[in-house]
Each structure stands twice: as C-alpha cells, then as structure tokens.
Amino acid sequence: MLKNTSQSYGWISILLHWLSAVVVIALFAVGFWMVDLNYYSEWYRTAPYYHKSVGLLLAFIILFRVLWRSRQINPKPLGKPFENKAATLVHRLIYLLMFSLFISGYLISTADGRGIDVFDWFTVPSIGELIANQEDIAGLIHEWLAYSLIALASVHALAAIKHHMIDKDNTLKRMLKPLEEKL
Amino acid sequence: MKKTLIAAGFAVLLSPLAQAADYALDVKGAHAFINFKIKHLGYSWLTGRFNDFDGTFNYDAAAPDAAKISVTIDTKSIDSNHAERDKHLRGKDFLNVGKHPQANFVSTSIKDLGNDKLKVSGNFTLNGMTNPIIINAEKIGEGDDPWGGYRVGFSGTTTIALADYGITYNLGPASTHVDLELHIEGIKK
C-alpha cells in the first residue's frame, strides 16, 4: 500500500509527512537555540553546520514530496466544506512557508558567494549577492517564516486531533497507516 | 624694523601656498578607506572595512594645529568578506546597527608633531557610546590633481577597547582591542 487511495494515504506519503514533521521541528529547535550560542561553545560551529546540511536535504525531500503528491490521488477531505477549504489553504501555506524558508536560509549563507556544504558530501553553490545586506534581510525573513511555520503546524496538528477526538473521523488515522478500502 | 618688514613681506608672498581650507573626503572616487584589524583567537589577524562613510576636514599646512576633522560611518556597511560573520557583527552581539546605525569621530584638538606627523584627539562614538581617543596620523601629501582639484591625504591609526563601547561578547583574551586604520584623501571644496 505504497500509493494513496481515495480514502487513505499510502506508506510513501505517510513516511514523507512524518519525516518532514520531525525534521522541521528539529530544525526549528536547533535554529532557535544556535543563534544564542557563545563563541566558545563547542556547538558554535557544528550546530549551524547540521542546521544547514539537514535544511538543504529537507529541501530536496520536500521537492520530491510535492512531485509525488502531484502524481497521486489524494484522499477525499472528510470535514465540513469550510473545514476542507481551510485545510487546503493551510496545507498549501505550509508548503509555501517551507520553500520560503529553504530559499531565505540559502540566501543568508550564500550572500558572499560561498556555497553551503551538505555534510561532507557535496556543496550547493551560491548564486551571488542579489541585493545589498542580503544576509541580514534574508535572516530576518527566515526567522519570522520559521515562527509562522511552527504556529501554522501547531494549528494543523490541533485540527487533526480535533477530527480524531471530537469528530471521531479517519483524518488522523489515515495518515498513520494505510486504511482498508471501504466499498 | 627692517628685518620685521622683510619677514612680513616674505610671509605675504608665501601665504597663498598655505591656506586654511575645507576638504571633503573623496568618497565618490573611493579614495578613502576605514579598515579594522582584530586578532582571531590570538592566532591571526582578521581584517575588514567599513564601506560607507563620509567626512570633512579643515586643514592648513601652515597651521596644522588649527585643523579639524569629522567622519561619520554607516555601521551597517561593515565588511569582513564573510556573509555569516558580517551578519553576526551587525547584530546585537556587536555593533547593533539597527539601534546604532552610525559611528562617528569628531576631533577636539590636533597637535603638530613635526615631520608631517599629527596627534589627532577627538571623541569617537560607536554602539551609542562616546570616548575620547587619539589617532596617530601623518600627512601623506598634498597638491593639485590633474582634473582641476586640490587634494590632501592622511593616514591614521588608533586602537580601541571593545568594552569601552559596550561590546562585551567574549572573543577571547587576545581580542579585546580593535585597531582602526584610516587612509583618507580630501578634495578641497
């Protein structure tokens, strides 16, 4: 049950969803913490190194996820009409925020023409400084997008719990494991 | 009496060669540089610059003690050739450029030490704090330029303690002070 059906997500979508969730939360936590590190902290260089490497890997994963999703049937929404509209909006916003975070983060470190090393596997090259003070502007945007994403993801999680506990429908269940097709 | 008259006569003849004049730093042509140098962990020198600044000075070769200079620096323009480092330097840990977008120096007195050397005393404001400093300067040269202007240039160095300006981020014991180096050329207004 790798692919989606009209009633449930398949394992690939499920894996991509939870992997993204965990990595996004981890990136936020590390990002939030690392900016206050002191010069003499042993994590002063390593935390940003991991944040950038994992961030760029996540960018590739989300790119794949969007492509995968576009070629899949997506399960029918289960809520009321306004809930379904809200869900579509929020989901799209979450994707938009993620891509904006990847781009803004990339623009911070590459403003001086230097590429970003993804662990010691490869380097993503810089496209140069596009605007003056790029690292500062991109930095501010990156920070505020991050807070927005976590806020929106929290709403998303609460909504899923609401469907599960109050409406008692399959919204959450079908993102935990593929459900049997009901005829 | 006769000697005094002759001396006065010479002074009158020579005076056009030495005039007090206002000069503006040649910022458009970038013939002025404000550089800084600080130790990195005590293992090497890190150098950088401020790219945007402006200033004026008044100078008379015959009366260097009467000279004045004032320079204003856009602290946001700090440039050590590293985006992440420059972003950190502009932030709250160091220059806090959002709150203090300018640093400046205004001279209070200048002493001619002979041999084109000058001791420039004045107030330096950085990160919103002001302290008296001394810049050890020398005149490099002056004269007409090929395009109808008249220029004079100086170099100067000074060392400041970061803590005097409210910058207390721990960079280690070898990096408590920053050397500032100015190379400026002014065009007579």
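Summarised in this report is the structure supplied together with it. (Residues numbered from 1 in each chain as written. Chains lettered and ligands numbered in written order. Predicted model: local features only at pLDDT ≥ 70, side-chain atom pairs only at ≥ 80, totals over all residues. Heavy atoms only, no water.)

## Describing the interface of chain B and chain A
- In this complex, chain B contributes 16 residues to the contact, which on the side of chain A involves 15 residues.
- Summing both sides of the interface, chain B and chain A together bury roughly 1300 Å²; the carbon and sulfur share of this comes to 46%.
- Contact with chain A buries surface across chain B, with A83, E84 and K87 of chain B losing the most and accounting together for 36% of the total.
- Connecting chain B to chain A are three salt bridges.
- Put simply, R90 of chain B and D136 of chain A hold a salt bridge, and the shortest N to O gap is 2.3 Å.
- Summed over the shared surface of chain B and chain A, the number is 11 residue pairs in polar contact (both at pLDDT 80 or more).
- Considering each element in turn, the side of chain B that touches chain A owes the most residues, six residues, to helix 2 (residues 83-90) of chain B.
- Looking at the side of chain B that touches chain A, its residues break down into five nonpolar, six polar and five charged. (Contact = heavy atoms within 4.5 Å. Buried area = accessible area lost by both parts, 1.4 Å probe. Salt bridge = Lys/Arg side-chain N within 4 Å of Asp/Glu carboxyl O. Polar contact = N/O pair within 3.5 Å; in protein donor to acceptor, adjacent residues only side chain to side chain. Helix = DSSP H or I, 4+ residues; strand = E, 2+ residues; numbered from the N terminus. Nonpolar A, V, L, I, M, F, W, Y, C, P; charged D, E, K, R; others polar.)

## Things to note about the packing of aromatic side chains
- What the rule picks out here adds up to 20 aromatic pairs over all chains.
- Aromatic pair Y39 of chain A and Y169 of chain B: ring centres 6.4 Å apart, planes at 70 degrees, arrangement edge-to-face. Residue Y39 of chain A is located in the loop between helix 1 (11-34) and helix 2 (43-70), and its partner Y169 of chain B is located in the loop between strand 10 (150-161) and strand 11 (177-188); the two belong to separate chains.
- Judged by its relative accessible area of 21%, Y39 of chain A falls in the partly exposed class.
- Geometrically, the ring pair formed by F60 of chain A and F122 of chain A is tilted, given 6.3 Å between the ring centres and 50 degrees between the ring planes. Of this pair, F60 of chain A sits in helix 2 while F122 of chain A is found in strand 2 (residues 122-124), placing the two residues 62 residues apart along the sequence.
- Given a relative accessible area of 44%, F60 of chain A falls into the partly exposed group.
- Following the ring pairs from residue to residue traces out a cluster consisting of Y39, Y40 and Y44 of chain A together with F94 and Y169 of chain B. (Phe/Tyr/Trp six-rings, centres within 6.5 Å; stacked < 30°, edge-to-face > 60°. Buried < 20%, exposed > 50% of the residue type's maximum accessible area, 1.4 Å probe, protein only.)

## What about the nonpolar core?
- Of all hydrophobic cores here, the largest spans 43 residues; its most connected members are F57, V120, F124, L126 and I160 of chain B.
- Non-local contacts of F124 of chain B, meaning those with residues more than four positions away in its chain, are made with N104, F105, M129, T130, N131, I133, I160, Y165 and L180 of chain B.
- I62, V90, Y95 and A146 of chain A belong to the second-largest nonpolar core, a separate cluster that totals 17 residues. (Core = buried A, V, L, I, M, F, W, Y, C linked by side-chain atoms within 4.5 Å.)

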